[in-house]
Structure formats: C-alpha cells, structure tokens
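# Chain and residue survey
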Amino acid sequence: MKLDFNNDKPIYLQLSEELEDAIIAGAYQEETQIPSTTEISVNYKINPATALKGINILVDNGIVYKKRGLGMFVANGAKEKILEQRKVDFFESYIKSLVTEAKKLSISKEDILKMLERGFEI
Amino acid sequence: MSQMEIKNITKKFADVTALENISLKLEENKIYGLLGRNGAGKTTLLNLITNRIFPTEGEILVNGENVIENDNALSKIYFMAENNYYPENMTVKKAFNWTKEFYTDFDSEYAAELCEKFSLKLNQKIKTLSTGYTSIFKMILALSCNVPFVLLDEPVLGLDANHRDLFYKELLKNYSEKPKTIIISTHLIEEAADIIEDVIIIKSGKLILNESVESVLSQGYAITGSISAVDGFTAGKNILGADTIGGIKCAYVLGHLDKAGIPDGLEVTKPDLQKLFIHMTNR
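Thresholds applied
- In every chain, residue numbers begin from 1 and rise along the written sequence.
- Labels follow written order: the first chain is A, the first ligand is 1, and so on.
- Totals for whole chains, interfaces and linings use every residue, but because this is a predicted model, local features are given only for residues with pLDDT of at least 70 and side-chain atom pairs only at 80 or more, for both listing and counting.
- Hydrogens and water molecules were not included; the side-chain quantities draw on all heavy atoms of the structure.
- Residues enter a patch when their relative accessible area is above 30% and they make no salt bridge; the linking distance is 9 Å between like charges and 5 Å between nonpolar side chains (Val, Leu, Ile, Met, Phe, Trp, Tyr).
- Each accessible area is a Shrake-Rupley estimate made with a 1.4 Å probe; only the visible protein chains count as cover when residues are assessed.
- What makes a salt bridge here is a side-chain nitrogen of Lys or Arg within 4 Å of a carboxyl oxygen of Asp or Glu, nothing more.
- The sign given to each residue is positive for Lys and Arg and negative for Asp and Glu; His and the chain ends receive no count.
- Note on charges: their place is set at NZ of Lys, CZ of Arg, CG of Asp or CD of Glu.
- We count a stretch as a helix when DSSP gives it H or I for four or more residues in a row; a strand needs E for two or more, and each element gets its number in order from the N terminus.
- Only protein chains enter the accessibility calculation, which uses a 1.4 Å probe; a residue is then buried when its area is under 20% of its type maximum, exposed when over 50%, and partly exposed in between.
- The criterion used for residue contact is that any of the two residues' heavy atoms lie within 4.5 Å.
- Between N or O atoms, a polar contact is any pair within 3.5 Å; within protein, one atom must be a potential hydrogen donor and the other a potential acceptor, and residues adjacent in sequence are included only when both atoms are from side chains.
- Gly is placed with the polar residues, together with every amino acid not listed as nonpolar (Ala, Val, Leu, Ile, Met, Phe, Trp, Tyr, Cys and Pro) or charged (Asp, Glu, Lys and Arg).
- Helix axes are fitted only over the stretch in contact, all axes being lines through C-alpha atoms; the angle between N-to-C directions runs from 0 to 180 degrees.
- Relative orientations are named as follows: roughly parallel for angles under 35 degrees, roughly antiparallel for angles over 145 degrees, roughly perpendicular for angles from 65 to 115 degrees, and oblique for any other angle.
- When DSSP finds two or more bridges between a pair of strands, those strands are recorded as paired.

## Comments concerning a negative patch on the surface
All names here are of chain A. The grouping of Glu30, Glu31, Glu80 and Glu84 at the surface amounts to a negative patch. With respect to the helices and strands, Glu31 occurs in the loop between α1 (11-25) and α2 (37-44). According to the relative accessible area criterion, Glu31 is partly exposed, its value standing at 36%.

Below you can see the structure in the form of structure tokens.
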C-alpha cells in the first residue's frame, strides 16, 4: 500500500482506495482486521484526522465495520461490493478520459476499437 | 476542555511592528502548522503565548485566563524554543529531572524510551550535543511534558532524514495516544503538510491565512496555457502569483473552480501547500 503525496487527489481518498485495493488483492481478508487509524497515521506520517476520514469512507460504504474495543474489520461481501462499485466507476474514470484524450489527438472511434482489440491480445 | 485565544495581539519593538492585530483561536487537540518566511513574526508569537515577552496590545487567554505572569495558565503550555535555556553543564538526565519539577506530569520513562530510540545518551552533557542532538533533546522534553499545548519552533533543525522520519512518527504516535494541541513552526512545509490539520500563515506580522489544510488545498489551483488565455481566464480572480516561460503562463489562483467553465487549451493542476505558500508570501 502506498500513498502518492504528489497526486492531485486528496490523501484521504487515496487512502480509502488503497485499502480497497488491498481488500481486492486479498491482503485484508473478510472478517479480518485492517490497520488502526494510529498505525496508518504513524506509518504514512499523515494526520490521524485524515486517516480517520479515509477509513470512514469505507465505513459509510459498508466495506469495513467497527468492532467495539477491537478495531476495524473487513465486512462480509466487501470484496464483491468494491468490485461492483469499481465497475460503475470504470466508465467515469477510464472511458470518459480515454475519449477526451482521443478527441484531442484526433483518434477515431474505429482506431480506438482496434487498439482495444490489440490491448486484449497482450 | 482546553482552548487558547489570541485576541488582537500587537507587538512592537521600539518602532518596529513585529505583529499587528493578530486574532486566532486554537482548538483542543489539533495539530497546527505555523508558517511564515524568515522574520515574519512566528517566534515572536510563540514567545508572546508563553509570556517570555509582553504584548504591546491585546491579550492571550488559556481557558479564559490571561497568560501574563499566570503560572496556572503557563503550566499548560510547553514551548520548545530555538534557543537552549538549560545550563550547559547539565546532563540530559538532570534536565529531565529539573523539567519534572516544573511540569509535574513529565513522563520520565517515556523520555528515556525516546532517548533510546534516537540514541541520545542520558548522561551526556547538554553543551556537548551537536545541533541535531540539541533539537532531539529539546523535542523529547516537549513530547514528554504531557501538557495540553505544545509549541515546537523548528523542531527538526539539524536533524538528518532518518531522525526527521522518526520524529514525525513519534510525534503522531504521541498525539494519537495522548491528544493535545500542537503548534509546529517550520520551514520544511512539504514534510509537515500531511501532518498538520490547520495552517496559520503570517506575513510581515500580519495573519493572512488560518484554515484547514484540506480546504486550502481544495481552493488552490494552478492554471497553465498561453499567456492571453490564462490572463483572460484569471481576470477578476484571486491570483496569488504566476510563472511565465516563453509564451506559456502558469497562474496560481485561490478560489472556487468551476471545472465545466475551463476553456480548451488551459490545463488545471493542484499545487501543494508549499507552492501555495511561496506564492502567498512572495513580495
């Protein structure tokens, strides 16, 4: 898990995405504990309020939940949930910017489709 | 509940106005970054908060009590100053014991633990410490005092990269375990930007910014393109500064950005806190 401090994206958003990636990759299995706010804050040298904000996004989306006195745990079905959401976001974050850039470079729709074909062959 | 209020503080040294009508509220358990260029008045403000000097006008209240010659209010604040006020022949250990006389909640065990982590010897004389270790010594005192307000003036002065890393980590650990209000005055903005929650910027004795880092970063943006296009877009906006190379201009703007309203050919990027600081305090 890494945070890119030169990225335009706020740190707390990067953190919640990184935690999601770690859940997708299986680094944090369902019903197991994720690092505490303090651990994250100390490890990445970020303000605990920022760390908490990142974790709270996952809480609000039902990805992790709080076990009183123990810490934060990955919810049942969290991985599935993240994958669903990522698919919805795929259009917004990848397709739209792909089309914008293609238009800027005068790449036609047909050419993009050909490139996609090629991309899948790799 | 611990709160500090700085009300209309002005400080004059002879005919030089070091601080002019500064008003600030410091909330409980927040980490503040106090930023300003050399000679902006940061240390003067910290000296006033701890009543090492007296304000010309205004007052500073800790939980409603004026700090002036007020032992109760001052015992709630620890100031890690740039100067060393300990007798030079004193050993580190003895300095810890002395500090405990004044700050009764001083945690000697924790202080010894930090000394071990930073490889600072307890029996070393303060005068024999290098610049970096003098900073480490003073910083350990500040972290071990267990008071509601800790003021750190250039805490990483002379520290190598490893020790700075360790310092930020220990600071955050300390803050997480025993929340307190911390003010860090530093020139190393890039390093502190993600640690501080709110940023206070002083420019030539005047308060020019007091906001959360997140809100400053969300408001600040840089817009790049041809000179005429950038000038057209930024007309009437709060421009902090600009860089020009050849026919390309990059203007730094503070304010709300309507992403849909950006003309073609202009590119928006998000500057970091240091970049915004440089443009806010230039000139």
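Here the narrative resumes, following the displayed structure.
## Some remarks on the interface of chain B and chain A
Across the contact, 15 residues belong to chain B and 14 residues belong to chain A. The interface formed by chain B and chain A includes two salt bridges. With a shortest N-O distance of 2.5 Å, Lys45(A) and Asp165(B) are connected by a salt bridge. Scanning the region where chain B abuts chain A turns up four residue pairs in polar contact (both at pLDDT 80 or more). Of the residues forming the side of chain B that touches chain A, the biggest block, seven residues, is contributed by helix α6 (residues 161-177) of chain B. Split by residue class, the side of chain B that touches chain A holds six nonpolar, two polar and seven charged.

## Some details on the packing of helix α5 (residues 131-144) of chain B against α6(B)
Residue and element names in this part refer to chain B. Running from amino to carboxyl end, α5 crosses α6 at an angle of 5°, the nearest separation of the two axes being 12 Å. Classed by the angle they form, the pair α5 and α6 counts as roughly parallel. Residues Tyr133, Ile136, Met139 and Leu143 of α5 lie in contact with α6, whose contacting residues are His163, Phe167, Leu171 and Asn174. Its residues assigned to classes, the contact of α5 with α6 shows six nonpolar, two polar and no charged.

## What to know about the pairing of strand β10 (residues 206-212) of chain B
Residue and element names in this part refer to chain B. Pairing geometry for strand β9 (residues 198-203) and β10, over six bridges, is antiparallel. Bridge pairing in β10 places Val199 opposite Glu211. Connecting the antiparallel pair β9 and β10 is a turn made up of two residues, with Ser204 showing a positive phi of about 45°.

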